[in-house]
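# Working through the structure, step by step
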Amino acid sequence: MSTITYEYGVRLESDCIQHVDHQINLARRTYNEMMAAIRSVHDAAQSFQMEKAGPEGRAIADHIKALNAAFKEARAQQKEESCLQAIAVERRQCWRDLGVILKVVRQEHKKALQEVFYNRIGINKGTDTYAIRCKAVADGLGWATAQDVLNRAIIAWKMSMKLGRAPQFARGDEKTQDALTLQFTEKGGMPKDKMLAGESAIIGVEPPENTGKRAYGHFWFRLGSASEGHYANGTIQWHRDLPEDASIASARLVRKRTGCKMKYYMQYIINMAQIRQTSDHARKALLAVHMGWSADISGRRVCGITDAADPELAQIIQLPPEIERNIQRAASIQGKRDQARDEIAPKIRAFDGPLPPEWDEGTQDYWSHWKVLPANHMAASRIHAWRKRLGDLVPEWLAEWCKTDRMLWIAATHTAQRARNRRKDFYRNLAKTWASQYEAIVIEKPDIKKAAKRMDETTGERTEFAKKARAGRVLVSLYTLDSAIRWACQKNGTAILDVNGEKTAATCAMCASEAIHTDTEDGQVLHCVDCGAVLDRKKNGAAVAWQLVNEQRENLVEEYWAEQLKKEREAAEAKLSRLEKMQAARRAKREPALAE
């Protein structure tokens, strides 16, 4: 069953923050213990496959490792593109040769790989990962949080397997968000009225009489096991009510780090079937949204929208200029940080002062190897960590640099966060307006993942997007807009139709000709050779997308809702099947005991 999340800002009372931090630290430790177990299984499975691959397979694997090291070294030294391409071409051929050998190995030893190795990873009893989950619960971690950690670890493993590598450990200094989870065992979830009336011992809210930005109530959220009796409690900003007759499937207490401050949020996950809204006014049939991130003298153009075939009737949605200015200001501050790091790097390399006597041989060896790295390989966070390790022996110039860098880091982080929040609100308001006014929305967006890459790892060639184009992608964050539209459509019962791979911007909306070329002075202006039309790229793209979908709109919308119902039905059937298997397994365990 699909769900939707309602988020509220909260402020914790000081005496419960230590218990929240303890639970989060337990969750982090549990995740990394699971990663260690998964990586151990992965390494053992890889060794087994390489052993069965024979001398030829092992030789190719060793050659690939050498090529990987050579590629990284060449890129770090900014060698010519032809050098990178030569290494990439040779490595790609080695991947293919090794892939052929390993495919045969996996087919021949599929059963052994599953039984000996991969059956040790999973969410069921008897697996190594589930045993770690049980140990964490015994140590005091909430069972729902432990289950959530286990699910995330399994997802990370499956995603990494698709990429052909082991999953990575989570680094606490890189994490900006953590969450503690409560899962409700009632069928269909906990009724909203039960939570608001304070009838639950694990979670509750005392909402204020009214709602709004200045309306605050009181909340509580159980931490860990019931026997310990620890709760997170404080004030909650009740800016909107939960839907009528809503059931809460689960709840999360979220901690987000912004700069050096921690902010907390309550998230209530509601079953979608109970909150799908119906419009009290007639809605239009179809809206087309053609996304992009180009900029002109008037501002950053986020998308073109239209509900008609004529491109002249389309509109251009622009990102508010102040949002882009603040994001660029944050980037400028970050640039000052990078410049200051580059300037201090020679001093770090030349530093040969006394080291703390408590440093062991491994720490001293790590320091000697780290400090000679190129400046762009010295993370600011790592410099701060070394400054802390040096203690009283830290030189004055390093202490002063760390103090200045910390202030710049806080300024950059908070400026960027405020801009991103305003951008999110802007997108959400647009999405709610569109979803409430249209029965279906067709979305066309560029390949964001491809646009993020500076270089194709398989070919060693540079991608078509220059540095400025990739920077524009970050400024507009089309993923946030896309997510806002889908969230609003789910809430309002609006069908979502995707258009991918169509030549919308390269087809004339007036005459359907593909004999179209871009203006030499303005890349957002198109000229049609056949009909002579002068078109805006985004308006034209939105109009063509609307034309493509509108011809078969009723069938597509019907298929969309049929697919949604099918997914819900399959999810319910899968849940029932899992329950039946669990019950059968329990009966099988009880029968021998009863026979005795």
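Our subject is the structure listed above.
Predicted, not measured: the structure shown is a model, and the values here were computed from it.

## Details of the overall build of the protein
Looking only at helices and strands, the protein has 15 helices and 17 strands in total. Projected onto the principal axes, the alpha-carbon positions of the protein cover approximately 75 × 70 × 60 Å. Buried residues in the protein amount to 40% of all 596 residues. Of the contacts made within the protein by residues no fewer than 6 positions apart, 69% connect residues no fewer than 24 positions apart. Both charge centroids of the protein, one from 93 positive and one from 78 negative side chains, sit 3 Å from each other.

## Overview of the layout of surface pockets
Considering only enclosed or pocket space, the second largest pocket measures out at about 2400 Å³ in volume. Looking at the second largest pocket, it is lined by 39 residues, and the ones nearest its centre are Gln 147, Gln 183, Lys 575, Arg 578 and Met 582. Contributing elements (two or more residues each) for the lining of the second largest pocket: α4 (128–138), α5 (143–163), β2 (177–183), β7 (247–258), β8 (261–271) and α15 (553–595). The biggest single contributor to the lining of the second largest pocket is α15, with 13 residues. Its residues assigned to classes, the lining of the second largest pocket shows 14 nonpolar, 13 polar and twelve charged.

## Thoughts on helix α9 (residues 380–390)
For α9, the complete set of buried residues consists of Ala 380, Ile 383, Trp 386 and Leu 390. Angularly, the buried residues of α9 cover 115° about the axis, an arc narrow enough to put them on a single face. Check the buried side of α9 and you find it contacts α7 (321–350), α8 (361–370) and α10 (396–437). Residue Gly 391 follows α9 closely and has a positive phi angle near 60°.

## Remarks on a positive patch on the surface
A cluster of basic side chains, namely Lys 261, Lys 263, Arg 329, Lys 336, Arg 418 and Arg 422, defines a positive patch on the protein surface. Among the elements of the structure, β8, α7 and α10 are those that each provide at least two residues to the positive patch. Looking at the secondary structure, you find Arg 418 in helix α10.

## Focus on unusual backbone geometry
Backbone geometry places Ser 477, a non-glycine residue, at a positive phi of 50°. Along the polypeptide, Ser 477 turns up in the loop between α12 (467–476) and α13 (478–492). Of note in this structure, Ala 512 is not a glycine but carries a positive phi near 65°. Summarising the element assignment, Ala 512 is placed in the loop between β14 (495–498) and β15 (516–518). A relative accessible area of 58% means that Ala 512 is categorised as exposed.

## Some details on the environment of Phe 184
Relative to the helices and strands, Phe 184 is located in the loop between β2 and β3 (190–191). Here Phe 184 falls in the buried class, since its relative accessible area comes to 6%. C-alpha of Phe 184 to C-alpha of Gln 552: the two residues are 368 residues apart in sequence and 42 Å apart in space. Residues contacting Phe 184, with those up to four places away along its chain left out, are Met 190, Ile 202, Ile 203, Ile 248, Ala 249, Ser 250 and Ala 251.

## Considerations on the environment of Arg 39
Considering the arrangement of structural elements, one finds Arg 39 in helix α1 (residues 14–76). On a C-alpha basis, the gap between Arg 39 and Val 442 in space is 42 Å, while along the polypeptide they are 403 residues apart. The residues contacting Arg 39, other than those within four sequence positions of it, are Ala 166, Pro 167, Gln 168 and Phe 169. At a separation of 2.6 Å, a polar atom in the side chain of Arg 39 contacts the main-chain carbonyl oxygen of Pro 167.

## What to know about the pairing of strand β5 (residues 216–223)
The element β5 is largely enclosed, with a buried count of six among its eight residues. Pairing analysis gives eight bridges linking β5 to strand β6 (residues 230–237), with the strands arranged antiparallel. Bridging from a neighbouring strand, Phe 221 pairs with Ala 232 of β6. Hairpin geometry of β5 and β6 is characterised by an intervening segment of six residues between the two adjacent antiparallel strands and by a positive phi of about 70° at Gly 224.

## Structural notes on empty space enclosed by the protein
By the definition in use, this model includes two cavities of 30 Å³ or more. Reported here for the second largest cavity is a volume of approximately 30 Å³. Around the second largest cavity, the lining residues are His 19, His 22, Gln 23, Leu 223, Gly 224 and His 230. Here the lining of the second largest cavity takes three residues from α1, the largest share from any one element.

## Thoughts on the pattern of salt bridges
Applying the stated criterion across every chain yields a total of 21 salt bridges. Glu 7 is paired through a salt bridge with Lys 256; the nearest N and O atoms lie 3.5 Å apart. Of this pair, Glu 7 sits in strand β1 (residues 3–12) while Lys 256 sits in strand β7; the two residues are 249 residues apart in sequence, bridging distant segments of the chain. Glu 7 sits in the partly exposed class, given a relative accessible area of 25%. For the salt bridge of Arg 486 with Asp 498, the shortest nitrogen-to-oxygen distance reads 2.6 Å. Pair noted here: Arg 486 is in helix α13 and Asp 498 is in strand β14, with a separation of twelve residues, a long-range link. Owing to a relative accessible area of 24%, Arg 486 belongs among the partly exposed residues under this scheme. One salt-bridge network, held together by shared partners, links Asp 21, Arg 28, Lys 175, Asp 178 and Arg 255.

## Focus on the sheet that holds strand β16 (residues 525–528)
Reading across from one edge, β15-β16-β17 is the order of the three strands in this open sheet, with antiparallel pairing throughout. Unpaired on one side and paired on the other, β15 and β17 (534–536) mark the two borders of the sheet. Averaged over all pairs of adjacent strands, the angle between strand axes in this sheet comes to 30°, irrespective of strand direction. Of the strand pairs in this sheet, β15 and β16 are connected by three bridges, and their pairing is antiparallel. In the sheet register, His 517 faces β16, and the bridge partner there is His 527. Its contacts with the sheet place helix α14 (residues 537–550) against β15, β16 and β17, and it is angled at close to 85° to β17.

## What to know about the packing of aromatic side chains
All told, the structure shown has 14 aromatic pairs when counted by the stated rule. For the ring pair Phe 48 and Phe 117, a centre distance of 5.5 Å and an interplane angle of 50° mean the geometry is tilted. With Phe 48 in helix α1 and Phe 117 in helix α3 (residues 110–117), this residue pair connects regions lying 69 residues apart in the sequence. In this structure, Phe 48 and Phe 117 share a single accessibility class: buried. With 5.9 Å between their ring centres and 45° between their planes, Trp 370 and Trp 386 make a pair best called tilted. Linking Trp 370 in helix α8 with Trp 386 in helix α9, this pair joins segments that are 16 residues apart in sequence. Trp 386 matches Trp 370 in its accessibility class, with the two residues each being buried. Here the guanidinium or amino end of Arg 91 rests over the ring plane of Phe 71, the centre of that ring lying 4.5 Å away.

The rules we used
Residues numbered from 1 in each chain as written. Predicted model: local features only at pLDDT ≥ 70, side-chain atom pairs only at ≥ 80, totals over all residues. Heavy atoms only, no water. Helix = DSSP H or I, 4+ residues; strand = E, 2+ residues; numbered from the N terminus. Buried < 20%, exposed > 50% of the residue type's maximum accessible area, 1.4 Å probe, protein only. Contact = heavy atoms within 4.5 Å. Lys, Arg positive; Asp, Glu negative; His and termini not counted. Charge placed at Lys NZ, Arg CZ, Asp CG, Glu CD. 1 Å grid on protein atoms, 1.4 Å probe; cavity = no way out; pocket = protein on both sides within 12 Å on 5 of 7 lines; lining within 4 Å. Points joined across faces, edges and corners; volume = space filled by probe spheres on them. Nonpolar A, V, L, I, M, F, W, Y, C, P; charged D, E, K, R; others polar. Arc of directions from axis to C-beta. Patch = residues over 30% accessible without salt bridge, like charges linked within 9 Å, V, L, I, M, F, W, Y side chains within 5 Å. Areas by Shrake-Rupley, 256 points an atom, 1.4 Å probe, with all protein chains shown as cover. Salt bridge = Lys/Arg side-chain N within 4 Å of Asp/Glu carboxyl O. Polar contact = N/O pair within 3.5 Å; in protein donor to acceptor, adjacent residues only side chain to side chain. Pairing = 2+ DSSP bridges. Axes fitted to C-alpha atoms, helices over the stretch in contact; angles between N-to-C directions. Phe/Tyr/Trp six-rings, centres within 6.5 Å; stacked < 30°, edge-to-face > 60°. Lys NZ or Arg CZ within 6 Å of the ring centre and 35° of its normal.

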